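Below, each chain spelled out in residue letters.
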Amino acid sequence: MHPKALLDECSALIEQVFKFDHPTDAVVARHFRENRSLGPRERATLSDTVYAILRERLKFEWLARSGTGSKWRRLAILGFPGDRDFLKSALTEVEKTWWDHCLAVKDADLMAQHRHNLPDWLATALGDQVGDEFDALVASLNQPAPLDLRVNVLKKKREAVLAELRQAGLVCEPTAYSPLGIRLQGKPSLAKLPAFVQGDVEVQDEGSQLLALLLDAKRGEMVVDFCAGAGGKTLAIGAAMRNSGRLYAFDTSGHRLDALKPRLARSGLSNVHPVAIAHERDDRIKRLAGKIDRVLVDAPCSGLGTLRRSPDLKWRQTPQTVAAQAELQQSILNSAARLLKPGGRLVYATCSLLPAENEAVAAAFSAAHQDFEPVPVAGLLALAQVPQADSLCQGEDGQWLRLWPHRHATDGFFAAVWRKKA
């Protein structure tokens, strides 16, 4: 595609994304469906430009004020990746001069908000927690996330898969914490990779893998993944159960559960039972009350621990949406708790960095449920042979899992665990 046409295409897509009425990945996917003539290289450029702008929105909007032409074109120029000469061939002389001026601006010349590129309320909430580590956290959130795989222990050992991937020319290494994980360098296509096609590996962030280890589901048990989504953790739990027992995958979105089906087929699991529910108080849940050994609640949340992957979330979430999520999380956790039999284990998790969705929800649950006793996460991780387990935890005696992108190079995660008293 000619540089001028590609820049116009970028501008049109950015304008759609910045309405913020749908998740960015959905807007980009729809644009690609409606423009099937776009080749793989053009699609990659469009996607990379959009995500670069979302990551550094405040900085780019500030720089764009001194330019000419439409706002969307100016943002597209600032976020455009790759070959500078290719881009310059699409610019007017005035735009070239302006762009050179923008490139000369150093971070030290910028105001704080143009360096961290976070809405004020979120910058304050994160700064209050990490203090002097704030700049490091912001830098990590503005980097694209690595590609992590989880080895399907039903089919292969991690060492065998590592050797296979390296033989296929991929640069990879074992993950630092998850004993099941492999981190790939770059973003290679997995669609035709034998290990992926055969179900030997699944894409899953290292932090997410640790949640399944905390649940520690055993052979022959009755287990529920309460908010299963597309099933990444469901598959990890099913493999831990060695394809025995019964694993229910609940979700309110039939569409998300449909996405689980091809992954299930690859995995070789036959103990997983996807169930679409209307809400957290659905009758299908009530019928299982008091019968379940283990329940994972990976609750719907703000997703602010995943800003490396979904930078649009920092512009789509507000203190009001977070407060509403916290109410829903409490309701879901209360409903999920009813499923457990005496001695059963409950794991609550989010991919949020905010105490309102994490420690506050866990503390409220503990206060309202004297029949559940908290279980320190640090000890459970150590039993699961997770290295440096203490470094992944916060609170007294390593009470909670707390993963930070800048400390652990994972998405941001929280988890708390309880045992139902006999």
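Residue positions are given per chain, counted from 1 along the sequence in the order it is written. Only residues with pLDDT of 70 or above have their local features reported here, since the model is predicted, and side-chain atom pairs are shown and tallied only from 80 upward, although totals for entire chains, interfaces and linings are computed over all residues. Side-chain numbers come from the whole structure's heavy atoms, not from hydrogens or water.

Within an unreviewed UniProt entry, the label attached to the chain reads RsmB/NOP family class I SAM-dependent RNA methyltransferase, and the organism entered is Hydrogenophaga aromaticivorans. Its UniProt record, at the heading Sequence similarities (unreviewed entry), says of the chain: "Belongs to the class I-like SAM-binding methyltransferase superfamily. RsmB/NOP family." UniProt positions are given in the numbering used here, feature names are shortened, and annotations may be inferred rather than shown by experiment.

Colleague: Tell me what's going on with the overall build of the chain, and back it up with residues and numbers.
Modeller: What the chain contains, in helices and strands, is 21 helices and 13 strands. In this description the radius of gyration comes from C-alpha coordinates, and the expected globular size is given by 2.2 Å times residues to the power 0.38. Against the globule reference of 22 Å for 422 residues, the chain gives a C-alpha radius of gyration of 23 Å, in line with a compact fold. Dimensions of the chain, computed from C-alpha atoms along their principal axes, come out at roughly 75 × 45 × 40 Å. When burial is assessed residue by residue, the chain has 54% of its 422 residues classed as buried. Partitioning the contacts of the chain with sequence separation of at least 6, the portion at a separation of at least 24 is 71%. Calculation of accessible area relied on Shrake-Rupley with a 1.4 Å probe; when residues are assessed, cover is drawn exclusively from the protein chains displayed. Accessible surface for the chain amounts to roughly 18500 Å². Of this, 52% is attributable to carbon and sulfur atoms. For the chain, the separation between the mean place of its 55 positive charges and that of its 50 negative charges on side chains is 5 Å. The way it works is that DSSP assigns letters per residue, a run of H or I at least four long becomes a helix, a run of E at least two long becomes a strand, and they are numbered from the N terminus. The cut-offs for exposure are 20% and 50% of the maximum accessible area for each residue type, with area from a 1.4 Å probe on protein chains only; residues under the lower value are buried, those over the upper are exposed, and the others partly exposed. In this description, contact between two residues means that some pair of their heavy atoms is separated by no more than 4.5 Å. Counted as positive: Lys and Arg. Counted as negative: Asp and Glu. His and the chain ends are not counted at all. Where a charge lies is defined by one atom per residue type: Lys uses NZ, Arg uses CZ, Asp uses CG and Glu uses CD.

Colleague: Residues and numbers for the UniProt feature "active site" (unreviewed entry) in the chain, please.
Modeller: In the numbering used here, UniProt assigns the feature "active site" (unreviewed entry) to Cys351. If you trace the backbone, Cys351 turns up in the loop between strand E9 (340-350) and helix H19 (359-368). On the accessibility criterion, Cys351 (18% relative accessible area) is buried. Apart from the residues within four sequence positions on either side, Cys351 is in contact with Cys301, Gly303, Leu304, Gly305, Thr306, Gly412 and Phe413.

Colleague: Describe the domain arrangement of the chain, naming the residues involved and giving the relevant values.
Modeller: In this document the domain limits rely on a domain assignment from an automatic tool or a database. One can read the domain layout of the chain as domain 1 (3-115), domain 2 (147-202) and domain 3 (206-420). The C-alpha-based centres of domain 2 and domain 3 are spaced at 24 Å. The partner domain 3 presents 25 residues to the 20 residues of domain 2 that form the contact. The largest per-residue losses of area from domain 2 upon contact with domain 3 belong to Arg150, Leu154 and Tyr177, which jointly make up 40% of the total buried on that side. As used here, buried area is the combined drop in accessible area, with a 1.4 Å probe, of two parts when they are placed together.

Colleague: If you had to explain the sheet that holds strand E4 (residues 201-203) to someone new, which residues and values would you point to?
Modeller: Strands pair, by our definition, only if DSSP identifies at least two bridges between them. Spatial strand order, E2-E3-E1-E4: 4 strands in an open sheet with antiparallel pairing. A strand with exactly one partner marks an edge of an open sheet, and here the two such strands are strand E2 (172-174) and E4. On average, adjacent strands in this sheet sit at an angle of 30° to one another, irrespective of strand direction. Both E2 and strand E3 (residues 181-184) contribute to a ladder of 3 bridges, which runs antiparallel. For Pro174, the partnering residue across the bridge sits in E3 and is Ile182. Axes here mean lines fitted to C-alpha atoms, for a helix over just the part in contact, with angles spanning 0 to 180 degrees between N-to-C directions.

Colleague: Before we move on, can you summarise the nonpolar core with the specific residues and values?
Modeller: Here, nonpolar core refers to any group of buried Ala, Val, Leu, Ile, Met, Phe, Trp, Tyr and Cys residues whose side-chain atoms link them within 4.5 Å. Formed by 40 residues in total, the largest nonpolar core has its most connected members in Leu214, Ile237, Leu381, Leu392 and Leu401. Within the residue set of this core, elements represented by two or more residues are helix H13 (206-215), helix H14 (232-240), strand E6 (246-251), helix H15 (254-267), E9, helix H20 (377-383), strand E12 (400-403) and strand E13 (413-420). The element contributing the most residues to this core is H13, with 6 residues. For Leu401, the contacting residues outside a window of four places in its chain are Leu211, Leu214, Val377, Leu381, Leu392, Cys393, Phe413, Phe414 and Ala415. Core analysis: the second largest hydrophobic core is formed by 34 residues, Leu7, Phe32, Leu38 and Tyr51 among them.

Colleague: Lay out the packing of aromatic side chains in plain terms, naming residues and giving numbers.
Modeller: Two rings from Phe, Tyr or Trp (for Trp, the six-membered ring) form a pair when their centres sit within 6.5 Å of each other. Planes less than 30 degrees apart are called stacked, planes more than 60 degrees apart edge-to-face, and all others tilted. Under the criterion given, the structure shown has 9 aromatic pairs. Residues Tyr348 and Phe414 carry aromatic rings whose centres are separated by 6.4 Å and whose planes lie at 65° to one another, so their mutual orientation is edge-to-face. Taken as a pair, Tyr348 in strand E9 and Phe414 in strand E13 lie far apart in primary sequence, 66 residues in all. Accessibility assignment for this pair places Tyr348 and Phe414 in one class, buried.

Colleague: Give a description of the environment of Tyr348 that names residues and reports values.
Modeller: Accessibility expressed as a relative area gives 0% for Tyr348, which makes it buried. Taking the C-alpha atoms as reference, Tyr348 lies 31 Å from Glu159; in sequence the two are 189 residues apart. Here Tyr348 is in contact with Val297, Ala299, Gln329, Leu333, Glu357, Asn358, Val361, Phe414, Ala415, Ala416 and Trp418, once residues within four sequence places are set aside. A distance of 3.4 Å separates a polar atom in the side chain of Tyr348 from a polar atom in the side chain of Gln329. For the purposes of these results, a polar contact is taken to be a pair of N or O atoms within 3.5 Å, where, inside protein, one atom must be able to donate a hydrogen and its partner to accept one; residues adjacent in sequence count only when each atom of the pair is a side-chain atom.

Colleague: Residues and numbers for H19, please.
Modeller: Of all the positions in H19, only Glu359, Val361, Ala362 and Phe365 are classed as buried. One face of H19 carries all of its buried residues, which in axial projection span an arc of 165°. Exposed residues lying more than 90 degrees from the buried face of H19 are Ala367 and Ala368. Looking at the packing, one finds that the buried side of H19 touches helix H18 (319-337), E9, strand E10 (372-374), strand E11 (393-394), E12 and E13. The arc in question is formed by the directions pointing from the helix axis toward the C-beta atoms.

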